[in-house]
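Residues per chain, in single letters:
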Amino acid sequence: MAQTTPNHTQTVPGWAAMDSSGKMHPFVFKRRENGVDDVTIKILYCGMCHSDIHYAKNEWGISVYPLVPGHEITGIVTQVGSNVGKFKVGDRVGVGFIAASCLTCEFCEDDQEQYCEQMQSNCSSVFWDGSITYGGYSRMMVANNRYVVHIPDSLPLDSAAPLLCAGISVFGPMKQHNMMEVPGKKLGVVGLGGLGHIAVKFGKAFGLHVTVISTSPSKEREAREVLGADNFLLSTNSEHMKEGIRTLDYIIDTVSANHSLGPMLMLLKVRGILTIVGAPEKPMELPSFPLIFGNRTVSGSIIGGMKETQEMMDICGKHNITCDIELVKPEKINEAFDRLARNDVRYRFVIDIAASEGSKM
Ligand SMILES: [Zn+2]
Ligand SMILES: [Zn+2]
């Protein structure tokens, strides 16, 4: 455990779940000293991802308590190790899901660390020194510089934070399927939440024709007028869905509630590709006919490698793409968790970590 690892000498205030109730409490813990390959980051903001709730409540059965969640982290570099060339004190930086990987497998060598079998996350995982990782719901963090990215000056650090998970989760498959180089092609985005709204922004920045597919009619105005989507399909309306048959080249499905893939696949053109980035807990219905008769593909994707995370950040800097956020004070984390569980947020909560400074916690 981190508390007993010899070089873990830095005291850090944060917030942790102590058990599977998932309730967050102020929690003081130790982090390692800044090593030669590390950067130390004063955390200013941390986005709240749905998986933070899964971790806090041990819904995936892998949680280690006390558990400090958070993998949408932005802040300022306060210390750099002697081997670190690409960061200096004062840099604006971000840290996402990945804390460590093996460095030698085919995926690490190909800058696809997210698929490394030994990939460790920034929460409830085991770091190279054997310590348990603690995430970004805390005031400071020490990270290996490989897993840190620069945040362009044009992006505010609060609304840029969710790009580190929500953003890269949709950018990853867009990059993999070359969606940045095919303006005019048609993209469908299923679900307009934390991931979906960013997918729409990327799609428009890349010159794609973007259709939002949602179960809630109230999202149409937002999709079209605020986010600039070109079309909107109400998935509960069979006439709507019929009109959409064979119109899309790609679909990114961000919905984490259980739903059938059949009606979505019908929207794809022949040889169209659907990528799942939401994570429904139960198996989804996947009928064979729309696959066979349309030569369509269903794939999945998780975040992205560090190189493409930096590339995404730079593109966001160029196009001024950030998340639409609601900033919350640390003492409101539990309240925000409850709202997040009900999807009652537009579109991401970000914890104003610095707001806790000077308070007793
Ligand atoms: Zn996440
Ligand atoms: Zn590896």
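Residues numbered from 1 in each chain as written. Chains lettered and ligands numbered in written order. Predicted model: local features only at pLDDT ≥ 70, side-chain atom pairs only at ≥ 80, totals over all residues. Heavy atoms only, no water.

## As for the sheet that holds strand β10 (residues 186–190)
Where we set the bar: When DSSP finds at least two bridges between two strands, those strands are taken to pair. We count a stretch as a helix when DSSP gives it H or I for four or more residues in a row; a strand needs E for two or more, and each element gets its number in order from the N terminus. Axis lines are fitted to C-alpha atoms, over the contacting stretch for helices. Their N-to-C directions set the angle, which ranges from 0 to 180 degrees. Contacts were defined at the residue level, with two residues in contact if any of their heavy atoms lie within 4.5 Å.
The parallel open sheet is built from six strands, whose spatial order is β12-β11-β10-β13-β14-β15. Across the chains shown, the open sheet's two edge strands, defined by having one partner strand only, are β12 (231–234) and β15 (297–300). Ignoring which end each strand starts from, the neighbouring axes of this sheet average 20° apart. By the bridge criterion, four bridges tie strand β14 (residues 268–276) to β15 in an arrangement that is parallel. Residue pairing across strands places I273 opposite T297, the latter belonging to β15. Together, β10 and β11 (209–214) form the strand contacts of helix α5 (residues 194–205), whose direction differs from that of β10 by roughly 170°.

## Observations regarding the packing of helix α4 (residues 166–176) against α5
Any two packed helices are characterised by how steeply their axes cross, that is the angle between the axes, and by the distance between the axes. Let me state the cut-off plainly: Any angle from 65 to 115 degrees is called roughly perpendicular, while one under 35 is roughly parallel, one over 145 is roughly antiparallel, and all others are oblique. Working rule for handedness: look at the near helix, and if it is turned counterclockwise from the far one by less than a right angle, call the crossing left-handed; if clockwise, right-handed.
Closest axis-to-axis distance for the α4/α5 pair is 8 Å, and the angle between their directions is 50°. One way to sum up the angle between α4 and α5 is to call them oblique. Of the two possible hands of crossing, α4 and α5 adopt the one that is right-handed. Across from A166, G167, S169, V170, F171 and M174 in α4, the residues of α5 making contact are G194, L195, I198, A199, F202 and G203.

## Considering the domain arrangement of the protein
Note the cut-off: Note that the domain bounds were set by an automatic or database domain assignment. Buried area adds together the accessible area that both of two parts lose upon being put together, with accessible area traced by a 1.4 Å probe. In the sections that follow, a salt bridge refers to a side-chain nitrogen of Lys or Arg positioned within 4 Å of a carboxyl oxygen of Asp or Glu. Throughout this description, a polar contact denotes any pair of N or O atoms lying within 3.5 Å of each other; where both atoms belong to protein, one of them has to be capable of donating a hydrogen while the other can accept it, and for residues adjacent in sequence the pair is counted only when both atoms sit in side chains. In this classification, the charged set is Asp, Glu, Lys and Arg, the nonpolar set is Ala, Val, Leu, Ile, Met, Phe, Trp, Tyr, Cys and Pro, and all remaining amino acids, among them Gly, are polar.
Here the protein is partitioned into domain 1 (2–165 + 305–356) and domain 2 (167–300). Here domain 1 and domain 2 have C-alpha centroids that lie 28 Å from each other. Taken together, the contact between domain 1 and domain 2 spans 19 residues of the former and 20 residues of the latter. Of the roughly 1,700 Å² buried at the junction of domain 1 and domain 2 (both faces included), carbon and sulfur atoms supply 60%. On inspection of domain 1 and its partner domain 2, the count reaches three salt bridges. Residue E222 is joined to R346 by a salt bridge in which the shortest nitrogen-to-oxygen separation is 3.3 Å. Where domain 1 meets domain 2, there are twelve residue pairs in polar contact (both at pLDDT 80 or more). With seven residues, helix α10 (residues 306–319) is the largest single contributor of residues to the side of domain 1 that touches domain 2. A breakdown of the residues in the side of domain 1 that touches domain 2 according to their chemical character gives ten nonpolar, four polar and five charged.

## Things to note about the coordination of the zinc ion (ligand 1)
This is how it is decided: Donor atoms are limited to N, O and S found within 2.8 Å of the metal ion, a distance that becomes 3.2 Å for Na, K and Ca. With water left out, some sites might look partial. Only protein chains enter the accessibility calculation, which uses a 1.4 Å probe. A residue is then buried if its area is under 20% of the maximum for its type, exposed if over 50%, and partly exposed in between.
Taken together, the protein donors to the zinc ion (ligand 1) comprise C49 (SG), H71 (NE2) and C165 (SG), at separations of 2.1 to 2.2 Å. Along the chain, the residues donating to the zinc ion (ligand 1) fall in the pattern C-x21-H-x93-C. Pair noted here: C49 is in the loop between β3 (38–48) and α1 (50–56) and H71 is in the loop between α1 and β4 (73–80), with a separation of 22 residues, a long-range link. Each member of the pair, C49 as well as H71, carries the same accessibility label: buried.

## Quick word on the pattern of salt bridges
Tallied over the entire structure, the rule returns 16 salt bridges. In this structure, K269 engages D249 in a salt bridge whose closest nitrogen and oxygen atoms are separated by 3.3 Å. Pair noted here: K269 is in strand β14 and D249 is in strand β13 (residues 248–253), with a separation of 20 residues, a long-range link. Between R342 and D344 there is a salt bridge, with its nearest N and O atoms 3.9 Å apart. Salt bridges linked by common partners bring E326, R339, R342 and D344 together as one network.

## Notes on the coordination of the zinc ion (ligand 2)
Rule in force here: Square planar and octahedral assignments, for four and six donors respectively, both demand that opposite donors be over 155 degrees apart and that all other angles lie between 65 and 115; tetrahedral needs four donors with all angles between 85 and 135 degrees, and anything else is irregular.
Listed as protein donors to the zinc ion (ligand 2) are C102 (SG), C105 (SG), C108 (SG) and C116 (SG); their distances from the metal cover 2.3 to 2.4 Å. Coordination at the zinc ion (ligand 2) comes from four donor atoms whose angles at the metal span 105 to 115°, giving a geometry best classed as tetrahedral. Counting residues between consecutive donors of the zinc ion (ligand 2) along the chain gives the motif C-x2-C-x2-C-x7-C. Of the two residues, C102 is situated in the loop between β6 (98–100) and α2 (106–109) and C116 in the loop between α2 and β7 (120–121); the sequence distance between them amounts to 14 residues. C116 sits in the buried class, given a relative accessible area of 6%.

## Details of a nonpolar patch on the surface
Definition in use: Like-charged residues are merged into a patch within 9 Å and nonpolar side chains (Val, Leu, Ile, Met, Phe, Trp, Tyr) within 5 Å, provided each residue has over 30% relative accessible area and no salt bridge. Methods summary: accessible areas were calculated by the Shrake-Rupley approach with a probe of 1.4 Å, and residue burial reflects only the protein chains presented.
Taken together, F107, Y115 and I302 make up a surface patch of nonpolar side chains, about 240 Å² in accessible area. Its location among the elements puts Y115 in the loop between α2 and β7.

## Observations regarding the side chain of H259
Along the chain, the position of H259 falls in the loop between β13 and α8 (262–266). The exposure class assigned to H259 is buried, which follows from its relative accessible area of 16%. Of note is the side chain of H259, whose polar atom sits 2.6 Å from the side chain of D253. Polar contacts involving the side chain of H259 include one to the main-chain carbonyl oxygen of A257, which spans 2.8 Å. If near-sequence neighbours (up to four positions away) are discounted, H259 is found in contact with D253, M284 and E285.

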